[in-house]
Amino acid sequence: MALSDSVTTCLSPPVHYVICKLGFEKKDTYDINNILSENGEVCWQAVTEHVCYLESDQSVDYIKSIRSLGPVCESINLHFKSLTKEQFVIQYALWFRWTNYTELFLEVFDVLQYTQTTEVALGLMKLTSCLERALGDVYLLIGKDCPFLLRDLLASEQLAVVFGQAVMNVLKVFIGSPYGLNLRNVLWHGFASPQEIPVKYCAMLLFLTAGLGQLLQTYLLQTKCILVHRPYVIFVSLEELDVFPDLNHETLSIAEELVKLSSFVLKTMLPFWMAALTAFKQSRYADCVILLLPQLEVGLRLLFTTTNQCPNRLLTAEPSALYTTFDEMLAKCLDNEEVNQLPAVLEEPAMEHMVIKPLMNCASCYRSRFHPISRLKKQVLECMKSIHIWPELPTVPKEHIQTIKGLEGNAEASTLILMISEIISQLQQYMPQNCCSSDDPINSVLTERLLIELCDTCICTLYSPRPVLEILVVLRKISTQCHQVSEQVIASTELRYKQWMNKTLRSRQRHNYLRMLNSIKFLSPVLRFILVLITLELVNVHLVCRKNPFDYQQYLKFLKSVLQYTENLVTYTSPEKNKWDETMELTNKALIKIRKISDRKLMLMQLATEIKWV
């Protein structure tokens, strides 16, 4: 019997118990009126009181919480089934507006009425995806860079400020934590079959989304903030739109038979494939893709576990281990350093693999405009453009400066610039040679041209292991802080110049203004140097996976120290602080630390052996 026929579930026994049984152990019934007020508002206290906590550290006890919330979910599911579509729209539609996709949540309500398992799973996948994006929009009311991972987003202080920590803990029970139900991940990664997802959890997330909308409205009224939604991707190229071929009825019938016979398809997942073909016939191409993507992953996982003789990896991992996902399946080596056999199998000219190979080719050249890598590239170039404005900023005539007594000289600034030049000279061997000059490393290396060339480098964005994503988060924060410093310098310079020329500055303010002009002489090269540094690290970011755990933590600690430096720069150069002299000592310490790391060859660019610059 083929493995695809014998596998009855892709959920490990503990995960299967948590999702399929744990929430059904308590047989209590809850009156919906205790959970929902007369005017249709969610009584959060009646929900959050079911979240249990460990005595040891007061973190969420997911097992007890799921068991306790099970009857609540069932009560909400029965309530929704008792409503007509019109009643549901009147009572709840308003509270889905914050998601910017009310229609989707109304569709999920329709799905709940018929409880077709495949449609429930599809609805839950769409709901969790839309909810995650909406939560990211809410995060940006307070924060600057939205976390890339859902678990980090749900754990953020920003969302706790808006919704309350107790509410966020309820969400973590259902999505975002490997210790909870983790519904979003087990579905999107292809581990759960349609019949393994209880419909009441879909109903509960629909209910919670409406409740979040009510809490958000209260927060927006109190703070007078306006929720801004990030734009969706818009395909403007005809080539991008011409994705789905015109397949006639006969071809689709053959496809159905192939799917039923294919060893690439787990029999327990067959309903997903049939639903995808149905969606294709109905021109519901988005639904078709949503259904097929997890099945592509589980099919590749089946091949991966078969060719590498590790059948246990077909199942969901426990919370302490990572799932077997695309990142590992397409890597060169396994965890035990043995060669991964899957890439070799995918090259075989078998019929099934001919379907996979074009997808692999697409993956090799895939570039996401919204991946942290792409966004960091954009950030870096925008920051460099901002710094390039500095030389054009108005400054007071030299004869005016000479009338100010007690102004410190440029010795400290010159020392810092010399230190930057020395570090650049050390790192030039890791840069494109056509952008380097030994005579004037600062003006020949720290240029927009170099950054553009580095940002043109192809970097894989399709599969990014967690260490890569963690490094990207820090690099993006560093870039954001550098840009903030630049914008503050521009604003302060323009304002102080006008005040100087209008003779409205007091003596102390005049001295401070001239100290700022003196600091700009080294702040410009140091900011440009940091931009080049983080871009070189970005180009080699996937090499971070080669570091052992100790070296990785040391490297991450170094990047966070650079981030701390840039955050302090933002504070010192702000209009409220104006601590321009202090920026020199701050910069001196940061450059010493960077030089030490360079001497120890701990940077990613120094690990690179395959990238050859021309």
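Quantities reported herein were computed from a predicted structural model and do not represent experimental measurements.

Describing the overall build of the chain
Next up, step 1: Summing up its helical and strand segments, the chain has 29 helices and 0 strands in all.
Next up, step 2: Taken across its 614 residues, the chain has 51% of its residues classed as buried.
Next up, step 3: With an accessible surface of roughly 30,000 Å², the chain has 56% of that area assigned to carbon and sulfur atoms.

A few points about the packing of helix α5 (residues 62-82) against helix α11 (residues 165-174)
Next up, step 1: Between α5 and α11, the least distance of the axes is 10 Å, while the angle of their chain directions is 90°. With respect to their mutual orientation, α5 and α11 come out roughly perpendicular. On α11, the residues that touch Y62, S65, I66, L69 and C73 of α5 are K172, V173 and F174.

Structural notes on the environment of R230
Next up, step 1: Mapped onto the elements of the fold, R230 is located in the loop between α13 (199-223) and α14 (238-241).
Next up, step 2: We classify R230 as partly exposed; its relative accessible area is 21%.
Next up, step 3: Spatially, the C-alpha atom of R230 lies 9.0 Å from that of A134, the residues being 96 residues apart in sequence.
Next up, step 4: Once residues within four sequence positions are removed from consideration, R230 is found in contact with R133, G136, D137, L140 and C146.
Next up, step 5: Reaching out from R230, the side chain makes a polar contact with the backbone oxygen of R133 at a distance of 2.8 Å.
Next up, step 6: At 2.6 Å, the side chain of R230 and the side chain of D137 are in polar contact.

As for the packing of aromatic side chains
Next up, step 1: Summed over all chains, the structure comprises 15 aromatic pairs.
Next up, step 2: Between the aromatic rings of F80 and F207, the centroid separation amounts to 6.4 Å while the plane-to-plane angle is 55°, which identifies the pairing as tilted. Of this pair, F80 sits in helix α5 while F207 is found in helix α13, placing the two residues 127 residues apart along the sequence.
Next up, step 3: Given the relative accessible area of 0%, F80 is considered buried.
Next up, step 4: With a centroid separation of 6.5 Å and 45° between ring planes, the pair formed by Y555 and F558 is classed as tilted.

Focus: helix α26 (residues 466-501)
Next up, step 1: Taking 1.5 Å per residue, 36 residues should reach 52 Å; α26 reaches 53 Å between its end C-alpha atoms and fits that length.
Next up, step 2: At the exit of α26 stands K503, carrying a positive phi of roughly 55°.

Considering the pattern of salt bridges
Close approach of charged atoms allows side chains of opposite charge to pair.
Next up, step 1: Per the stated rule, a full pass over the model turns up 17 salt bridges.
Next up, step 2: Two residues, D137 and R230, come together in a salt bridge whose shortest N-O distance is 2.6 Å. One end of the pair, D137, is in helix α8 (residues 117-139); the other, R230, is in the loop between α13 and α14, and 93 residues separate them in sequence.
Next up, step 3: D137 sits in the buried class, given a relative accessible area of 4%.
Next up, step 4: Linking E422 and R595 is a salt bridge whose minimum nitrogen-to-oxygen distance equals 3.1 Å.

As for the nonpolar core
Next up, step 1: Counting 117 residues, the largest nonpolar core has F80, L135, F163, F174, M204, L206 and F207 as its most contacted members.
Next up, step 2: Apart from residues lying up to four places away in sequence, M204 is in contact with V47, L69, V72, C73, I76 and F174.

Here we look at unusual backbone geometry
Next up, step 1: Positive phi is not limited to glycine here, since N578 has a value of about 55°.
Next up, step 2: Following the sequence through the fold, N578 ends up in the loop between α28 (549-572) and α29 (580-599).
Next up, step 3: The phi torsion at K601 lies on the positive side, around 55°, for a residue other than glycine.
Next up, step 4: Structurally, K601 can be placed in the segment after α29.

Comments concerning helix α7 (residues 102-114)
Next up, step 1: For α7, the set of buried residues is T102, L104, F105, L106, V108, F109, V111 and L112.
Next up, step 2: In the segment just after α7, T115 is the residue with positive phi, at about 50°.

Here we look at the packing of α26 against α28
Next up, step 1: Where α26 contacts α28, the two axes come as close as 8 Å, and the packing angle between them is 20°. Here α26 is positioned roughly parallel relative to α28, judged by the angle of their axes. Crossing of α26 against α28: the hand is left-handed. Between α26 and α28, the residues in contact are P467, E470, I471, V474, L475, K477, I478, Q481, C482, Q484, V485 and Q488 and Y552, Y555, L556, L559, K560, V562, L563, T566, E567, L569 and V570, respectively.
Next up, step 2: Residue classes in the contact of α26 with α28 are distributed as 15 nonpolar, 4 polar and 4 charged.

Let's talk about the confidence of the model for the chain
Next up, step 1: Scored by pLDDT, the chain has a mean of 86; 87% of the residues are at 70 or more.
Next up, step 2: A low-confidence stretch, residues 403-409 stays under pLDDT 50, and its non-local contacts, those more than four residues away or across chains, total 12 contacts.
Next up, step 3: Segment residues 610-614: pLDDT under 50, and 13 contacts once partners within four positions in sequence are set aside and those in other chains are kept.

Considering the side chain of H50
Next up, step 1: Secondary-structure assignment places H50 in the loop between α4 (44-48) and α5.
Next up, step 2: Aside from chain neighbours lying at most four places away, what touches H50 is Y30, S65, S68, L69 and V72.

Digging into the side chain of K200
Next up, step 1: Take K200: it is sitting in helix α13.
Next up, step 2: Although K200 is buried, it makes no salt bridge; E74 carries the closest opposite charge, 4.4 Å away.
Next up, step 3: A polar contact of 3.3 Å, which involves the side chain of K200, links it to the backbone oxygen of G70.
Next up, step 4: Dropping the residues within four chain positions of it, K200 is found in contact with G23, F24, G70, C73, E74 and N77.

Some points on the environment of C458
Next up, step 1: One can find C458 in the loop between α25 (448-455) and α26.
Next up, step 2: On the basis of relative accessibility, which here comes to 62%, the residue C458 falls in the exposed class.
Next up, step 3: Along the primary structure C458 and V539 are separated by 81 residues, whereas in three dimensions their C-alpha atoms are 8.0 Å apart.

Reading the values: the criteria
- Residues numbered from 1 in each chain as written.
- Predicted model: local features only at pLDDT ≥ 70, side-chain atom pairs only at ≥ 80, totals over all residues.
- Heavy atoms only, no water.
- Helix = DSSP H or I, 4+ residues; strand = E, 2+ residues; numbered from the N terminus.
- Buried < 20%, exposed > 50% of the residue type's maximum accessible area, 1.4 Å probe, protein only.
- Areas by Shrake-Rupley, 256 points an atom, 1.4 Å probe, with all protein chains shown as cover.
- Axes fitted to C-alpha atoms, helices over the stretch in contact; angles between N-to-C directions.
- Parallel < 35°, antiparallel > 145°, perpendicular 65-115°, else oblique.
- Contact = heavy atoms within 4.5 Å.
- Polar contact = N/O pair within 3.5 Å; in protein donor to acceptor, adjacent residues only side chain to side chain.
- Phe/Tyr/Trp six-rings, centres within 6.5 Å; stacked < 30°, edge-to-face > 60°.
- Expected span 1.5 Å × (residues − 1).
- Salt bridge = Lys/Arg side-chain N within 4 Å of Asp/Glu carboxyl O.
- Core = buried A, V, L, I, M, F, W, Y, C linked by side-chain atoms within 4.5 Å.
- Left-handed = near helix turned anticlockwise from the far one by under 90°.
- Nonpolar A, V, L, I, M, F, W, Y, C, P; charged D, E, K, R; others polar.
- pLDDT = per-residue confidence, 0-100.
- Lys, Arg positive; Asp, Glu negative; His and termini not counted.

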